[in-house]
Amino acid sequence: FLLILQENYAQDFINKETSSKITVIENSSEKVSIIAYYQSSGRCMCEETEKFEIVKNVQGIFIHEVQGNPDYTLNLEYTNGKISKITVKNDQDYQCCMIKAGIYQPKLKKE
């Protein structure tokens, strides 16, 4: 009899300036999976979420070019082995269905 337990990993990161959220759903030494949340508006019809997989590059950095665009990146920074912040850079802040640019920091859990 073999019992396999899978730990559900979910950590929210918040951009305090825009109230936007990113959730890290998988965090391993080689790959991080995140979910970005979008809001539709009168001029933008978006899916509510989009999943991204960020793989460590040859320099050991977790960075992802969204849609192959070097001006639209997700960059993860680590402190003491944990993700300390996610920086989103894009040069198209007012485009539809994009992650809002800025710094996303871990949401503190209420005790």
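Scope of this entry: the structure provided in the associated data block. Since the model is a prediction, treat every value here as computed from it, not as a measurement.

### Some details on the environment of Y72
So, step 1. Along the chain, Y72 turns up in the loop between β5 (62–65) and β6 (73–79).
So, step 2. Spatially, the C-alpha atoms of Y72 and M98 are 9.1 Å apart, while their sequence positions differ by 26 residues.
So, step 3. Once you skip the residues sitting within four places of it in the chain, Y72 turns out to touch Y38, H64, E65, V66, V88, K89, N90, M98 and I99.

### A few points about the sheet that holds strand β4 (residues 49–55)
So, step 1. If you walk across this open sheet you meet the eight strands as β4-β3-β2-β1-β8-β7-β6-β5, and the pairing is antiparallel. This sheet does not close on itself; its edge strands, each paired only once, are β4 and β5. Going from strand to strand, the sheet's axes swing by 25 degrees on average, the running direction of each strand aside.
So, step 2. The pairing of strand β3 (residues 31–37) with β4 spans seven bridges and is antiparallel. Looking at the pairing, I34 lines up with F52 of β4.

### Structural notes on the state of the cysteines
So, step 1. Applying the stated criterion to the full structure yields one disulfide.
So, step 2. At a sulfur-sulfur separation of 2.0 Å, the disulfide partner of C46 is C97. Taking the sign of the S-S torsion, -95 degrees for the link of C46 and C97, the bridge is left-handed. Of the two residues, C46 sits in the loop between β3 and β4 while C97 sits in the loop between β7 (82–89) and β8 (102–106), which places them 51 residues apart along the sequence.

What counts and how
- Residues numbered from 1 in each chain as written.
- Predicted model: local features only at pLDDT ≥ 70, side-chain atom pairs only at ≥ 80, totals over all residues.
- Heavy atoms only, no water.
- Helix = DSSP H or I, 4+ residues; strand = E, 2+ residues; numbered from the N terminus.
- Contact = heavy atoms within 4.5 Å.
- Pairing = 2+ DSSP bridges.
- Axes fitted to C-alpha atoms, helices over the stretch in contact; angles between N-to-C directions.
- Disulfide = S-S within 2.5 Å.

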